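# Chains, contacts and geometry: an overview
Residue strings, one per chain:
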Amino acid sequence: MWSGLFPHLTESWNNFKGLDPGYVTWMDLMQKHGYHTQKYGKLDYISGHHSVSNRVEAWTRDVDFLLRQEGRPTVNLTGSKTRMRVMEADWQNTDKAVNWIKEEAINFTQPFVLYLGLNLPHPYPSPSTGENFGSSTFLTSPYWLEKVTYEAIKIPKWSSLLEMHPVDYYSSYTKNCTGEFTKQEVRNIRAFYYAMCAETDAMLGEIISALRDTGLLKRTVIIFTADHGELAMEHRQFYKMSMYEGSSHVPLLVMGPGIKQQQQISNVVSLVDIYPTMLDIARIPVLQNLSGYSLMPLLLEVAENEVSSRRPRPPWVLSEFHGCNVNSSTYMLRTDKWKYITYSDGHSVLPQLFDLSADPDELKNVAMKFPVVAHSLDKILHSIVNYPKVSSSVQEYNKRQFINWKQSLGQNYSNVIANLRWHQDWLKEPKKYEDAIDKWLSQKQH
């Protein structure tokens, strides 16, 4: 979203390795072109606020071991029926943004751009999993939970553990989801997640109200989106890091002058489209090397002749992931009805193909049934990114980073690694896992 480029171009391989310092974002360009700019809340684009654990888990994903990296997903109800503000930090940032609109933005003669990054509806940290705890607690108050209709919650279907795609099995295991879950537990996790979404929605409402109260709403474009979704127990997983819809399909809502209300646009679009869109709104010439395409022609239903000067939007979007909780680089090409997912070099792990019109829950991999479709999507994917080569350089990067980190710790290495987020599993058989790491380090890259 901040770079307008795919991860294989910025080499932002994980939450620790983001954009290079000094990377020019769309906000930097808008500031250069006379916009007042303001950011509040979560940024994470140079490097995530993530623990050593998160880093080491990403670097060691090629090691032949299974270790739980997250706490088992759970729910926690807090406060009373009147407690609206559960996620205090997000509310504080929302208040700051509202005050900025009411006290500063209202007096500007030049245009402004305001960014507010919220943590909700991200699950909360779970201290029970140790000092580097993962975030596996779905937390809300009765005030928000009462807004959720329990009867309307769908319980997702699961494949048996034996039938799971090997990468899914690894993810489900590292996310601590391979144990037994009752229907009630699954329903609660999903209900609490929806309640957390409702609280997030209320923050957006505060921003819209502030713009309305100051008379700025009719000349302001608002874009609401997210960096990832939440599986909330679909495919026997919670959290993100997956190409299934629950994780990779994110909200994108836009309101503003000239944008028709209530319209749903069926094109597949991507977060890389935000960069050129922001420049388009500000009438700043769009750099030619971006991975994305401005959304304005879709939003404003621009006449054909005006669009001809632009690059035509392709009928696909690409997503890729190289971080932790998944034991392989993953690439997804999504068109209107097809989703093609391939891993690593494309051969050592079987790809997946889903027909989203016939199988919206993505339970039937039809790659073998429709080899021509799979092949043609793979060809398009190859034309965008040489993914076997990228996967290989990520593997080399991971090994190099791990070796540097290990050397920086000296003798203390075993001690530190034993106490990362996977400590509950690791400490049962430390020798076994140390050996697995040694074996991995001694292997030559192919």
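Here we summarise the structure given alongside this text. Computed from a predicted model, the values in this text were never measured in an experiment.

Our focus in this paragraph is the packing of helix α3 (residues 52-59) against helix α13 (residues 387-409). Following both chains from N to C, one finds α3 and α13 inclined at 135°, their axes separated by 8 Å at the closest point. As judged from the angle between their axes, α3 and α13 are oblique. By crossing handedness, the relation of α3 to α13 is classed as left-handed. Two secondary-structure elements touch here, α3 through V52, V56, A58 and W59 and α13 through Y397, N398, Q401, F402 and W405. When the residues that make up the contact of α3 with α13 are grouped by side-chain class, the tally is seven nonpolar, two polar and no charged.

The next subject is helix α9 (residues 274-281). Of all the eight residues making up α9, seven are buried; the element is thus mostly covered by neighbouring parts of the structure. Within the span of α9, buried status applies to I274, Y275, P276, T277, M278, L279 and D280. Lining the buried residues of α9 we find α2 (26-32), β3 (112-117), β6 (222-225), β7 (252-255) and α10 (296-300). Just beyond α9, the residue with positive phi is R283, at close to 55°.

Okay, the packing of aromatic side chains next. Counted by the stated rule, this structure contains 22 aromatic pairs. Look at W158 and F181: their rings are 6.2 Å apart centre to centre, the planes differ by 90°, and that puts the pair in the edge-to-face class. On the criterion of sequence distance, the pair formed by W158 in the loop between α5 (142-145) and α6 (166-174) and F181 in the loop between α6 and α7 (183-213) is long-range, its members being 23 residues apart. Their ring planes at 55° and their centres at 5.8 Å tell us that Y244 and F354 sit as a pair that is tilted. One end of the pair, Y244, is in the loop between β6 and α8 (245-248); the other, F354, is in strand β11 (residues 352-355), with 110 residues separating them in the sequence. Exposure class is identical for Y244 and F354. Each is buried. Here R55 stacks its cationic end above the ring of F16, 3.9 Å away from the centre of that ring. Lying across the ring of F181, R72 places its NZ or CZ 3.8 Å from the centre.

If you trace the backbone, T335 turns up in the loop between β9 (330-334) and β10 (338-343). Note on T335: relative accessible area 15%, which makes it buried. T335 has contacts with V268, P315, W316 and L377, leaving out every residue within four places of it along the chain.

Take α6 next. For α6, the buried fraction is high: seven of the nine residues fall into the buried class. Where α6 is concerned, the buried positions are V167, D168, Y170, S171, S172, Y173 and T174. In this structure, the buried side of α6 is in contact with β10, β11 and α15 (423-426). The first or second residue beyond α6 is N176, which carries a positive phi of 60°.

Here we have four strands laid out as an open sheet, ordered β8-β9-β10-β11, and antiparallel in their pairing. The open sheet is flanked by β8 (317-321) and β11, the only strands paired with a single partner. When the angles between neighbouring strand axes are averaged without regard to direction, this sheet yields 15°. Alignment of β10 against β11, held across four bridges, turns out to be antiparallel.

With that settled, consider the nonpolar core. Among the nonpolar cores identified, the biggest contains 41 residues, and Y124, F138 and M233 are the most heavily contacted of them. Counting only elements with at least two residues in this core, the list comes to β5 (135-140), α5, α7 and β10. With nine residues, the single largest contributor to this core is α7. Beyond its immediate sequence surroundings of up to four residues, M233 is in contact with P73, P156, W158, C177, F181, V186, I189 and F238. Counting 38 residues, the second largest nonpolar core, distinct from the first, contains V63, A367, V385 and W426.

Okay, the sheet that holds strand β2 (residues 74-77) next. Taking strand neighbours across the sheet as the criterion, the three strands line up as β2-β5-β4 in an open arrangement whose pairing is mixed. Edge positions in the sheet fall to β2 and β4 (124-125), since each of these pairs with one other strand and no more. As paired elements, β4 and β5 share two bridges and run antiparallel to each other. Residue pairing for β5: P125 is matched across the bridge by S135.

Turning our eyes to something else, we now look at the environment of Q288. Within the secondary structure, Q288 sits in the loop between α9 and α10. Sequence separation between Q288 and P276 is twelve residues, and the spatial gap between their C-alpha atoms is 9.6 Å.

The next thing to look at is unusual backbone geometry. Peptide bonds are mostly trans, and most non-glycine residues show a negative phi. The omega angle of the peptide bond from L120 to P121 is 0°, so this bond is cis rather than trans. Note on placement: P121 falls in the loop between β3 and β4. Positive phi, close to 45°, is recorded for A232, a residue that is not glycine. Along the polypeptide, A232 turns up in the loop between β6 and α8.

Calculation rules
- Residues numbered from 1 in each chain as written.
- Predicted model: local features only at pLDDT ≥ 70, side-chain atom pairs only at ≥ 80, totals over all residues.
- Heavy atoms only, no water.
- Axes fitted to C-alpha atoms, helices over the stretch in contact; angles between N-to-C directions.
- Helix = DSSP H or I, 4+ residues; strand = E, 2+ residues; numbered from the N terminus.
- Parallel < 35°, antiparallel > 145°, perpendicular 65-115°, else oblique.
- Left-handed = near helix turned anticlockwise from the far one by under 90°.
- Contact = heavy atoms within 4.5 Å.
- Nonpolar A, V, L, I, M, F, W, Y, C, P; charged D, E, K, R; others polar.
- Buried < 20%, exposed > 50% of the residue type's maximum accessible area, 1.4 Å probe, protein only.
- Phe/Tyr/Trp six-rings, centres within 6.5 Å; stacked < 30°, edge-to-face > 60°.
- Lys NZ or Arg CZ within 6 Å of the ring centre and 35° of its normal.
- Pairing = 2+ DSSP bridges.
- Core = buried A, V, L, I, M, F, W, Y, C linked by side-chain atoms within 4.5 Å.

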